[in-house]
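Structural overview
Below are the chains, spelled out letter by letter.
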Amino acid sequence: MTIHLALILTCRLQEDGLFYLAMRKGLDYLASQPNVDSKRLGVTGLSGGGWQTAVLSGLDERVVAAVPVAGFSSYSNG
């Protein structure tokens, strides 16, 4: 168990811990692909995916670029 997951579970955020494990497995799969540079992984997501992007990029050192998005239009359109 990673230290990050242990901290999540200690704070009684079991559901968030399960989400983190699932997201980390997604990165594991992506990094295992032969045409992927595992030292340059990025994540992005909209709404709930933005939340997942923020969590994953904050807890997994392999993520070097993150673009969480909230809402349905760009800032310039707002």
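Right above here is the structure, for reference.
Before going into details, it helps to say that this report is about the structure given with it. The written sequence of each chain sets the order in which its residues are numbered from 1. The predicted nature of this model means local features are confined to residues of pLDDT at least 70 and side-chain atom pairs, given and counted, to a pLDDT of 80 or more, with totals for whole chains, interfaces and linings taken over all residues. Only hydrogens and water are removed before side-chain values are computed, so all heavy atoms of the structure are retained for them.

Salt bridges are defined by distance alone: a side-chain nitrogen of Lys or Arg within 4 Å of a carboxyl oxygen of Asp or Glu. Counted under the stated rule, the structure contains two salt bridges. Among the ionic pairs, Asp28 bridges to Arg62, the shortest N-O distance being 2.7 Å. Of this pair, Asp28 sits in helix H2 (residues 14–32) while Arg62 sits in the loop between helix H3 (48–59) and strand S2 (63–69); the two residues are 34 residues apart in sequence, bridging distant segments of the chain. Note on exposure labels: buried denotes an accessible area under 20% of the residue type's maximum, exposed denotes more than 50%, and partly exposed covers the range between, all computed with a 1.4 Å probe on protein chains only. Of the residues examined, Asp28 reaches a relative accessible area of 29% and is grouped as partly exposed. Numbering of helices and strands runs from the N terminus; a helix is a DSSP stretch of H or I covering at least four residues, while a strand is a stretch of E covering at least two.

Below, the discussion takes up the side chain of Asp60. With respect to the element layout, Asp60 can be found in the loop between H3 and S2. Since its relative accessible area comes to 6%, Asp60 is described here as buried. Contacts: residue pairs with any heavy atoms within 4.5 Å of one another. Beyond its immediate chain neighbours, meaning those up to four positions away, Asp60 contacts Tyr20, Arg24 and Leu27.

Once that is clear, we can look at the nonpolar core. Residues Tyr20, Met23, Leu27, Leu41, Val43, Leu56, Leu59 and Val63 constitute the largest nonpolar core, which totals eight residues. Those elements that provide at least two residues to this core are H2, strand S1 (41–46) and H3. Broken down by element, this core gets its largest block of residues, three residues, from H2. Not counting residues within four places of it along the chain, the set of residues in contact with Val43 comprises Leu27, Thr53, Leu56, Ser57, Val63, Ala65, Ala66 and Val67. Only buried residues count toward a nonpolar core, which is a set of Ala, Val, Leu, Ile, Met, Phe, Trp, Tyr and Cys residues joined through side-chain atoms within 4.5 Å.

Right, let's get into the pairing of S2. In this description, strands pair whenever DSSP reports at least two bridges between them. The sheet contact formed by S1 and S2 spans six bridges and is parallel. In the strand pairing of S2, Val43 is matched with Ala66. In this region the chain leaves S1, passes through H3 and returns to the parallel neighbour S2; the handedness of that crossover is right-handed. Orient the strands so they point away from the viewer, and a crossover whose first-strand-to-second-strand path over the helix runs clockwise is right-handed.

Moving on, we come to the environment of Gly48. As for its placement among the helices and strands, Gly48 is situated in helix H3. Gly48 gets classed as partly exposed once you look at its relative accessible area, which sits at 40%. Along the chain, Gly48 and Ala70 lie 22 residues apart, while their C-alpha atoms are 8.2 Å from each other.

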